[in-house]
Amino acid sequence: MTKAKKITAAVLAAASLLSVTACGGGRGNTGTTNASDTTSAPTTTPETFDTDAAVQEAIAHIEVDKTLNPTKKIKWLSWYPVDETAAPLELFKANYGIPEEGDESYGDYANSVISYVHVAYADRYDSLGKMVASGDSPDVMQFEICNFPLGVYKSMYQPIDGIIDTYAPEWADTREIMDKFMWNGKNYCAITEVNTSYLWFYRRSVAEEAGLEDPYELYKKGEWTWDKFLEMADKFQQTGDTSQLSDGGGKYIINGYGNFIASTFLCTTGVPLVGYDNGLLKSNLFDSNIERGMDVLETLCKEEYRYPGEKNGWNPMEKEWAAGNILFMTNGTWFYSETAQKYMRKNNWDQDDIFFVPVPKDPNADAYYQEMKVDPYMFIQGSDNVDGFKALVSCQLYASKDPEVKAAQREKDKRDSYWTDEQLDFIDELKGGVFSPVFDYRNGISAACADTTSGTSPTDMLIVYPLQNPDYTYTQLRGEYTGEIDAAINELNEAVS
């Protein structure tokens, strides 16, 4: 047995660093500020107990496809429920009503468009496979890049060609991105928006007290780079009790799930660990850009700049971030909606204290690359709810493009989750084409690699262990896992006709 596979069970669990949202999906379609990604909402006709009048008013002028007749509720398999007051579902209900309204067999969802089928995050794909095999398929599930192209290869999803015309003019803004998620010449992902995968959240007052320049100001000046980040790491660490680092004291530059940190950092080189080009997967394990990025991640570990995940069971140490002992927390926008703004209100921080930046730019890269994410609905194999699926996706598209709807959604985000105009403006800027997008398909190449909850995924261990444990290097782990990763890639590529 090799060294890496002799790690104790405790460390294996820890190496999960990859938590329940480790795939990179998080709350996906319910993510704040992504109106088109927020699959949710109640109606004007007929009105339900749960609705948002301002959003309804904004969507009133939008014309939808009246030839569709969705008569069945949309069966949604997920680890989180859908918000039925966001723009896409408000638009759906205003035009198509509530399918099977009042049907008590749906329990709490009798008066909802979406029928929510809960599944534990770790069990989601096992459950999906069993449901498809038994003839009890859900209709939709959130796309996660950790299951692409594996889920398509295993026939979990239906192609959408002939259902959604993603070559029509209204899809032009994202057609190029959709090409990156085709498989064997077929379309599976109707992508309405492209967003930053993860952001680095920080408190401005903490940076100021440490004598650091505001990272957002560095970004605006074009100076937010790896080099500036490492300088900041060293200076911030020195403001803490460095003699007590191993015992819980000191200051740390960054925290979050290890795969969030490692993957997004490597993607700023412009090269993902596993790429996808012309319909085929490609290993980049020996690419010099990956090696450069891993050198920096190993430095974060050796210099103890990163928060040692074992101190909190490999989960994000949000309390230490709030206390000012960790500068950056790596997470999706849901971190602010669900956690950070609560600290802000409880502790009476200034509302503009919490801000965020993208991952710093690779100073050697020819562009500002960033790992991006997409959140389309996947149409599940075995579902016959074609009109329901098409109506849902169409409403998502229309809501994402309409300025009045986006304005109403923005006010809802400010009211419900305490986002500020400055924050929302910056999010709009970041998803508005300032980056060259990068997508890493490393988890979607095999069942072993797609296992993002046990901590034993070869492609995640490869980049996370060197960040968290000084006993491991990327070169060492690459030698161990290259054969397994190449074999998985070759199997999928050989299935392409």
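In the block above lies the structure referred to throughout.
A brief look at the structure comes next. (Residues numbered from 1 in each chain as written. Predicted model: local features only at pLDDT ≥ 70, side-chain atom pairs only at ≥ 80, totals over all residues. Heavy atoms only, no water.)

### Let's talk about the overall build of the protein chain
Counting its regular elements, the protein chain contains 19 helices and 15 strands. Out of the 497 residues in the protein chain, the part that is buried amounts to 60%. Sequence-distant contacts, at least 24 apart, represent 78% of the contacts inside the protein chain between residues at least 6 apart. For the protein chain, the accessible surface area stands at approximately 18,800 Å², while carbon and sulfur atoms represent 46% of it. (Helix = DSSP H or I, 4+ residues; strand = E, 2+ residues; numbered from the N terminus. Buried < 20%, exposed > 50% of the residue type's maximum accessible area, 1.4 Å probe, protein only. Contact = heavy atoms within 4.5 Å. Areas by Shrake-Rupley, 256 points an atom, 1.4 Å probe, with all protein chains shown as cover.)

### A look at the sheet that holds strand 7 (residues 199-203)
Taken in spatial order, the four strands line up as 8-11-7-12 in an open sheet, and their pairing is mixed. Looking at strand neighbours, the two that pair on one side only are strand 8 (252-255) and strand 12 (354-357), the edges of this open sheet. Across the sheet, the mean angle from the axis of one strand to that of its neighbour is 25°, orientation sign disregarded. Taken together, the three bridges between strand 8 and strand 11 (residues 326-331) define a ladder with parallel strand orientation. Opposite Asn255, over in strand 11, you have Met329 as the bridge partner. (Pairing = 2+ DSSP bridges. Axes fitted to C-alpha atoms, helices over the stretch in contact; angles between N-to-C directions.)

### Some thoughts on helix 14 (residues 386-401)
Given 3.6 residues per turn, any residue in an α-helix points the same way as the ones three and four places further on. Between the first and last C-alpha of helix 14 there are 23 Å, a value that for 16 residues agrees with the 22 Å anticipated at 1.5 Å per step. For helix 14, every residue scored as buried is listed here: Gly388, Phe389, Ala391, Leu392, Val393, Ser394, Cys395, Gln396, Leu397, Ala399 and Ser400. As for helix 14, its buried residues are in contact with strand 1 (74-78), helix 3 (87-96), strand 3 (140-142), strand 14 (377-379) and helix 15 (403-417). Two or three places before Gly388, at the start of helix 14, stands the capping residue Asn385, its side-chain oxygen 3.2 Å from that residue's backbone nitrogen. (Expected span 1.5 Å × (residues − 1). Polar contact = N/O pair within 3.5 Å; in protein donor to acceptor, adjacent residues only side chain to side chain.)

### Description of the packing of aromatic side chains
Counted under the stated rule, the structure contains 43 aromatic pairs. Ring centres of Trp79 and Tyr80 lie 5.3 Å apart, and the angle between their planes is 80°; on these two criteria the pair is classed as edge-to-face. Judged by relative accessible area, which is 1%, Tyr80 ranks as buried. Pairing Trp200 with Phe229 gives two aromatic rings, centres 4.9 Å apart and planes at 55°, and the pair type is tilted. One end of the pair, Trp200, is in strand 7; the other, Phe229, is in helix 9 (residues 226-238), with 29 residues separating them in the sequence. (Phe/Tyr/Trp six-rings, centres within 6.5 Å; stacked < 30°, edge-to-face > 60°.)

### Here's the deal with the pairing of strand 7
A large share of strand 7 lies buried, amounting to five of its five residues. Alternating positions in strand 7 separate into two faces, Leu199, Phe201 and Arg203 on one and Trp200 and Tyr202 on the other, with burial throughout. Across three bridges, the pairing between strand 7 and strand 11 is antiparallel. Residue pairing for strand 11: Phe201 is matched across the bridge by Met329.

### Overview of the nonpolar core
With 142 residues, the main nonpolar core has Phe181, Trp224, Ile253, Trp321, Leu327 and Phe328 as its most contacted residues. Judged by nonpolar contacts, the second largest core, of five residues, contains Cys267, Ala365, Ala367 and Val438. (Core = buried A, V, L, I, M, F, W, Y, C linked by side-chain atoms within 4.5 Å.)

### Some thoughts on unusual backbone geometry
Backbone torsion omega between Phe148 and Pro149 reads 5°, so that peptide bond is classified as cis. Relative to the helices and strands, Pro149 resides in the loop between strand 3 and helix 5 (150-153). At Glu304, a position not held by glycine, the phi torsion is positive, near 60°. Residue position: Glu304 is located in the loop between helix 11 (288-302) and helix 12 (318-322).

### Thoughts on the sheet that holds strand 6 (residues 195-196)
The strand order across the open sheet built from three strands is 6-13-15, with neighbouring strands paired in mixed fashion. Unpaired on one side and paired on the other, strand 6 and strand 15 (436-438) mark the two borders of the sheet. Summarising the sheet, strand 13 (residues 369-373) and strand 15 pair through three bridges and their orientation is parallel. Looking across to strand 15, one finds that Glu371 is bridged to Val438.

### Quick notes on the layout of surface pockets
Over the atoms rolls a probe the size of a water molecule, and in doing so it shows where empty space is left. Volume-wise, the largest pocket comes out at about 530 Å³. Lining the largest pocket are 22 residues; nearest its centre among them are Asp173, Thr174, Val194, Lys431 and Gly433. If one sorts the elements of the lining of the largest pocket by residue count, helix 6 (residues 175-178) sits on top with three residues. Residue composition of the lining of the largest pocket, by class: seven nonpolar, six polar and nine charged. (1 Å grid on protein atoms, 1.4 Å probe; cavity = no way out; pocket = protein on both sides within 12 Å on 5 of 7 lines; lining within 4 Å. Points joined across faces, edges and corners; volume = space filled by probe spheres on them. Nonpolar A, V, L, I, M, F, W, Y, C, P; charged D, E, K, R; others polar.)

### With respect to a negative patch on the surface
Among the surface-exposed residues, Asp227, Glu231, Asp234, Glu303 and Glu304 lie close enough to one another that they form a single negatively charged patch. Along the chain, Glu303 turns up in the loop between helix 11 and helix 12. A relative accessible area of 41% places Glu303 in the partly exposed class. (Patch = residues over 30% accessible without salt bridge, like charges linked within 9 Å, V, L, I, M, F, W, Y side chains within 5 Å. Salt bridge = Lys/Arg side-chain N within 4 Å of Asp/Glu carboxyl O. Lys, Arg positive; Asp, Glu negative; His and termini not counted. Charge placed at Lys NZ, Arg CZ, Asp CG, Glu CD.)

### Comments concerning the packing of helix 10 (residues 258-267) against helix 18 (residues 458-468)
How two helices pack is summed up by the angle between their axes together with the distance between the axes. Between helix 10 and helix 18, whose axes approach to 9 Å, the crossing angle comes to 100°. The orientation of helix 10 relative to helix 18 falls into the category roughly perpendicular. Here Gly258, Asn259, Ile261, Ala262, Ser263 and Leu266 of helix 10 lie close against helix 18, whose contacting residues are Asp460, Ile463, Val464 and Leu467. Taken together, the residues of the contact of helix 10 with helix 18 sort by class into six nonpolar, three polar and one charged. (Parallel < 35°, antiparallel > 145°, perpendicular 65-115°, else oblique.)

### Some words on the pattern of salt bridges
Counted by the stated rule, this structure contains 27 salt bridges. Where Arg478 meets Glu291, a salt bridge forms, and the shortest distance between an N and an O atom there is 2.8 Å. Taken together, the residues Arg478 in helix 19 (residues 474-494) and Glu291 in helix 11 connect sequence positions 187 residues apart. A relative accessible area of 9% means that Arg478 is categorised as buried. A salt bridge links Asp375 to Lys373; the shortest N-O distance between them is 2.5 Å. Via salt bridges that share partners, Arg410, Glu411, Lys414, Asp421, Asp425 and Asp428 belong to a single interconnected network.

### What about helix 13 (residues 334-346)?
End to end, helix 13 covers 18 Å across 13 residues, agreeing with the expected 18 Å (1.5 Å per residue, within 8%). Of all bends in helix 13, the biggest is about 40°, found at Ala340. The complete set of buried residues in helix 13 reads Trp334, Phe335, Tyr336, Ser337, Thr339, Ala340, Gln341, Tyr343 and Met344. Lining the buried residues of helix 13 we find strand 7, helix 12, strand 11, strand 12, helix 15 and helix 16 (421-430). (Bend = angle between axes of the 7 residues up to and from the residue.)

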